[in-house]
Amino acid sequence: MPRYTDTHAHYFDRKFAALDGGAVGLLSSPDFLSKVAAVINVGTNLTNSQTAVDMAGKYPYMAAAVGIHPEDAQGLPDGTPLDPETELAALRKWVSDPDRRKRDKIVAIGEIGFDYHWQPMDKDLQRAFFEGQMQIAADTGLPVIIHDREAHGDSFEVVLKYPTVKGVFHAYGGSAEMARELTKRGWYIGFGGVTTFKNAERVRSVVASVDIHKLLLETDCPYMAPVPFRGKINHSGLIPYIAEVIAPLHGLTLEELAEVTNRNAEELFGLSAVLK
Ligand SMILES: [Zn+2]
């Protein structure tokens, strides 16, 4: 059975505590390890980014991404507001030293972007964080993990503004045309559990149109569990359910899909430099 790279997971999330054995039990279970080649544990603010890094230190197959998500940019879950200048300076300091980056197994800035779904929404504040982090990516050479929810036009504009930065649009919800414009510029497109949803014909048609050499698999766990686990706690061990939907859309076997998407993840994130 092939093993896959989960390019987008949030293993610091408290939801995993509800599992038998919690996140720790899951992340070392033989069944999980038989399906997972590598995982990127993605932070959404600097506090849980540190937790993501600490966890990556414990698992040989796990790397970390550190950054500030557009929702967290508007204030942490407990209501604490974040000051862009202070946060961006701290992030820059953290990722600017290549030795520290390697020690912390940091392979990307993420997740960052725009979220125009949740209210109240402060577009200017989201932009200050997004562009500030794109600039850090440009200066350090790190790739980025983009969260673009109902903000396709504005997100694409930011991509054009930082032409040296490469990355992935995770849980992609945009058009086939925009995906083509992104992949043409060296960007990657991430797909996860939504691909398996009954009403997701449009997403599957986008999946089928995307250059296979620019396609990444992800879970966004603990959220977005694939069918038939919809609504349950998601995890990287469920990636085969996503692969089973995506592989035939590209006329590939599961082995071939795993091989090409693992290689894509390696090309973008350079995982082998930090994983054992
Ligand atoms: Zn996420």
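Note: the structure precedes this text.
Residues numbered from 1 in each chain as written. Predicted model: local features only at pLDDT ≥ 70, side-chain atom pairs only at ≥ 80, totals over all residues.

**With respect to the environment of Arg127**
Right, on to step 1. Assignment of secondary structure puts Arg127 in helix α7 (residues 123-140).
Right, on to step 2. In this structure the C-alpha to C-alpha distance between Arg127 and Gly113, which are 14 residues apart in sequence, comes to 7.8 Å. (Helix = DSSP H or I, 4+ residues; strand = E, 2+ residues; numbered from the N terminus.)

**With respect to helix α5 (residues 84-96)**
Right, on to step 1. Taking 1.5 Å per residue, 13 residues should reach 18 Å; α5 reaches 18 Å between its end C-alpha atoms and fits that length.
Right, on to step 2. On the buried face of α5, the contacting elements are α3 (46-56), β3 (62-66), α6 (98-103), β4 (106-115) and α7. (Expected span 1.5 Å × (residues − 1). Contact = placed C-beta atoms within 7 Å.)

**Regarding the environment of Leu182**
Right, on to step 1. Here Leu182 lies in helix α9 (residues 176-184).
Right, on to step 2. Sequence separation between Leu182 and Val168 is 14 residues; the distance between their C-alpha atoms is 9.0 Å.
Right, on to step 3. If near-sequence neighbours (up to four positions away) are discounted, Leu182 is found in contact with Val159, Phe169, Trp187 and Ile189.

**Let's talk about the packing of helix α11 (residues 239-249) against helix α12 (residues 254-269)**
Right, on to step 1. Axis separation between α11 and α12 bottoms out at 9 Å; the angle between their running directions is 95 degrees. Between α11 and α12, the angle falls in the class roughly perpendicular. Counting all contacts with α11, which are made through Ala243, Glu244, Ile246 and Ala247, the residues of α12 involved are Leu254, Leu257 and Ala258.
Right, on to step 2. The residue makeup of the contact of α11 with α12, split by class, is six nonpolar, no polar and one charged. (Axes fitted to C-alpha atoms, helices over the stretch in contact; angles between N-to-C directions. Parallel < 35°, antiparallel > 145°, perpendicular 65-115°, else oblique. Nonpolar A, V, L, I, M, F, W, Y, C, P; charged D, E, K, R; others polar.)

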